[in-house]
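What follows is each chain in one-letter form.
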Amino acid sequence: MPQTQLQWARAGTVTPEMMRVAERENREPSYVREQVANGQAVIPANRTHTSVDPMIIGREFSTKVNANIGNSETTSDMQGELQKLHTAVHYGADTVMDLSTGSDLDAIREMNVEQSPIPVGTVPIYEAVKRAGSPEDITHEALLEVIEKQAEQGVDYMTIHAGVLMEHLPLTDRRTTGIVSRGGSILAQWIEENGMENPLYTQFEAICEIFATHDVTVSLGDGLRPGCLADASDEAQFAELKTLGELTETAWDHGVQVMVEGPGHVPMDQIAENVARQQAVCNGAPFYVLGPLVTDIAPGYDHITSAIGATEAGRAGAAMLCYVTPKEHLGLPDRDDVREGLSAYRIAAHAADVATGLPGARDWDDALSEARYTFDWRRQFELALDPERAQAGHDQTLPEDNYKEARFCSMCGVEFCSMRIDQEAREADGEMDVLETEIDLEESPAAAVNLPPVGTHDTSRIPDSVEINGVTFRPAPESADD
């Protein structure tokens, strides 16, 4: 009997998860099944993760956004991680990756799975290092134990850096920033210290068997991704990509859903070429990119430098964008950084969908433009990507309620408001009685992520609280500003 979404799709069955995806994407269920069956899309939904609201990742669907969260040895605790998870969901993350490397790894993972309505991803090599004490001491058996345990806990997808091979390592010697992937550097050290091939590569079929049993999607990690513009599109990056293409076929042969991770720092003019190359090498498997950052000069603003590249990647066919926060390269993101990163990436994903002509994607833009031109301030706030931020910006200078009816803001004032001047001129000419069009978002064919408000996942199956090691944790307030 089929066990994974890919196996069910190949068998011609439309699963309840596919039905839910079709509803959220405004697509026919049969089309969703076809895309999953062909490996062009994935539905990360571990059967143990009962609170998940199924979603889909694929270039023919709305561009998705992942939020990385997690603790470190020096920063964050259980409650802080729960707040970051809630903030990610509230501001529209489609998936979340728990990249914890500090203490309480099992407890944090258990809490995230129980409290998350969106798919949860992990990088199991991190826990394997924690168990072993150092990278070179990781055993094949321990690695498989960690992966199987996380699958049993309900993790929906895992990053597996199986494409980093012994023969690839010399190709990184002349790089400006070497190997910047944590997983990639760990495995490179393991290979060099043990004089053996990457254990994730040699054990990949055993890993696929675990994934097929629990319906865990494999996210083939780019352990040799470039860490600066100078290293982009080099021999090491593309050698690993070739291996990832081969591993994609292996995973599909085991009935495992696959997506492939992509580069982090790429000049703007090389992004489309990178996406096209991955799609060709990996036979259309969904591409999941970190950024990419299009310049290296802006620490503290890398949510912006990367969102520029992410928009171009989404337009070129990347299926999911992994957000970058203002803290990238500087420190562990906190709750506010999660909000800033997600806002930047929801903009990037939406802009990409508008650019590719995804049905209904621009309806949201047009509805807000109508509200803006008619000075419907309350409707503008309601339609904003981040309503709280939009209203706060307006109310900082014009807080009184009567200004919600005003035909100006503090930018231009009464005398120089261009829209007011234009309206009065058109009204005087008799050219404007009513707007010619009025966007009805309830009738829009857009996917749910391209309609306001963001973060509208089905949370009905999430428990009110979760008890971890005798301590009860409850979801954070509805608003991240509370």
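For the structure, check the block above.
Residues numbered from 1 in each chain as written. Predicted model: local features only at pLDDT ≥ 70, side-chain atom pairs only at ≥ 80, totals over all residues. Heavy atoms only, no water.

(A) A look at unusual backbone geometry. Gly291 connects to Pro292 through a cis peptide bond whose omega is 0°. Summarising the element assignment, Pro292 is placed in the loop between strand E9 (287–290) and helix H13 (302–316). Phi angles above zero are rare outside glycine, and Asp215 is one such case at about 55°. Topologically, Asp215 is positioned in the loop between helix H10 (204–214) and strand E7 (217–220). At His329, a residue that is not glycine, the phi angle is positive and equals roughly 75°. (Helix = DSSP H or I, 4+ residues; strand = E, 2+ residues; numbered from the N terminus.)

(B) Summary view of the packing of aromatic side chains. Going through the model one piece at a time under the given rule, you end up with three aromatic pairs. Between the aromatic rings of Tyr157 and Tyr288, the centroid separation amounts to 6.5 Å while the plane-to-plane angle is 80°, which identifies the pairing as edge-to-face. Taken as a pair, Tyr157 in strand E6 (residues 157–160) and Tyr288 in strand E9 lie far apart in primary sequence, 131 residues in all. Each of the two residues, Tyr157 as well as Tyr288, counts as buried. Centre to centre, the rings of Phe375 and Trp377 are 6.5 Å apart; their planes meet at 50°, and the pair counts as tilted. Accessibility assignment for this pair places Phe375 and Trp377 in one class, buried. (Phe/Tyr/Trp six-rings, centres within 6.5 Å; stacked < 30°, edge-to-face > 60°. Buried < 20%, exposed > 50% of the residue type's maximum accessible area, 1.4 Å probe, protein only.)

(C) Broad picture of the packing of helix H12 (residues 268–281) against H13. Interaxial distance between H12 and H13 falls to 9 Å at its minimum, and their mutual angle equals 35°. The way H12 lies across H13 gives a crossing that is right-handed. Within the contact between the two elements, H12 uses Met268, Ile271, Ala272 and Val275 and H13 uses Ile308, Gly309, Glu312, Ala313 and Ala316. Split into classes, the residues belonging to the contact of H12 with H13 amount to seven nonpolar, one polar and one charged. (Axes fitted to C-alpha atoms, helices over the stretch in contact; angles between N-to-C directions. Left-handed = near helix turned anticlockwise from the far one by under 90°. Contact = heavy atoms within 4.5 Å. Nonpolar A, V, L, I, M, F, W, Y, C, P; charged D, E, K, R; others polar.)

(D) Up close: the nonpolar core. Residues Ile160 and Phe211 are the most contacted members of the largest nonpolar core, which totals 97 residues. A per-element tally of this core places helix H11 (residues 235–253) first, with seven residues. When near neighbours in sequence (up to four residues on either side) are disregarded, Ile160 contacts Pro124, Ile147, Leu200, Phe204, Ile207, Phe211, Val218, Ser219, Leu220 and Gly221. Formed by 13 residues, the second largest nonpolar core is a distinct cluster that contains Met18, Val36, Ile43 and Ala45. (Core = buried A, V, L, I, M, F, W, Y, C linked by side-chain atoms within 4.5 Å.)

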